[in-house]
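Read off the chains here:
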Amino acid sequence: MHARMNNPAVLIPEAMDALNALATVTRKGVVPLLTLELVNLRASQINGCSVCVDAHPRLAKKAGETDERLFAVAAWRDTPYFTDAERAALALTEALTRISDRADPVPDDLWNEVSRHYDETALAMLILAIANINVWNRLNAATRQVAGVWKP
């Protein structure tokens, strides 16, 4: 396998700087790092981004995540391993990643559940983190970046 081209964010340093700056902002501790890595992994699974599906479990493990939870992310609704706050974040991740799958991408019941666990600042950080991983997934998918080349 080989990529179609270099990742656009690598080719355009200002884009890389912007995406990295956004990631840095979202990791300021308002939303737990492990939650962010679960979000990154789940969005990447949905989008079929092999680079991120390969990288984010490694990053999560470095942050202290367990194999048991990482293996269960794709089936988070049917496993007992996640907190209610993590479940809300994963549900929001799926809704925002699959935004065109329903007329109301983030229904009130989902919004209300996420809002029970995250204040407005944390919710803003979570939404920005979900948007950022979706950007990376789309850049990698469009250019067919190869999993395993980048090791965090």
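Residues numbered from 1 in each chain as written. Predicted model: local features only at pLDDT ≥ 70, side-chain atom pairs only at ≥ 80, totals over all residues. Heavy atoms only, no water.

**Structural notes on the overall build of the chain**
- A count of helical and extended segments in the chain gives eight helices and zero strands.
- Reading the chain from its N terminus to its C terminus gives the helix and strand order α-α-α-α-α-α-α-α.
- A compact globule built from 152 residues would reach a C-alpha radius of gyration of about 15 Å, and the chain, at 15 Å, matches this within 12%.
- Counting only C-alpha atoms and orienting by the principal axes, one finds that the chain spans roughly 40 × 30 × 30 Å.
- Taking all 152 residues of the chain together, 41% fall into the buried category.
- Considering only contacts in the chain between residues 6 or more positions apart, those separated by 24 or more positions represent 69%. (Helix = DSSP H or I, 4+ residues; strand = E, 2+ residues; numbered from the N terminus. Rg over C-alpha atoms; globule rule 2.2 N^0.38 Å. Buried < 20%, exposed > 50% of the residue type's maximum accessible area, 1.4 Å probe, protein only. Contact = heavy atoms within 4.5 Å.)

**What to know about unusual backbone geometry**
- Backbone geometry places arginine 144, a non-glycine residue, at a positive phi of 50°.
- Counting through the fold element by element, arginine 144 comes out in the segment after helix 8 (120-143).
- What makes arginine 144 exposed here is its relative accessible area of 51%.

**Remarks on the pattern of salt bridges**
- As enumerated under the stated definition, the model contains eight salt bridges in all.
- Glutamate 37 is the salt-bridge partner of arginine 27, the closest N and O atoms lying 2.7 Å from each other. With arginine 27 in the loop between helix 2 (13-26) and helix 3 (33-47) and glutamate 37 in helix 3, this pair connects stretches of sequence that are 10 residues apart.
- Using a relative accessible area of 35% as the deciding quantity, one classes arginine 27 as partly exposed.
- Relative accessible area serves as the criterion here: at 2%, glutamate 37 is assigned to the buried category.
- The shortest N-O distance in the salt bridge between glutamate 94 and arginine 42 comes to 2.7 Å. Here glutamate 94, found in helix 6 (residues 84-97), pairs with arginine 42, found in helix 3; they are 52 residues apart in sequence, far enough to count as distant.
- Counted as one network, the salt bridges with shared partners bring together Arg42, Arg77 and Glu94. (Salt bridge = Lys/Arg side-chain N within 4 Å of Asp/Glu carboxyl O.)

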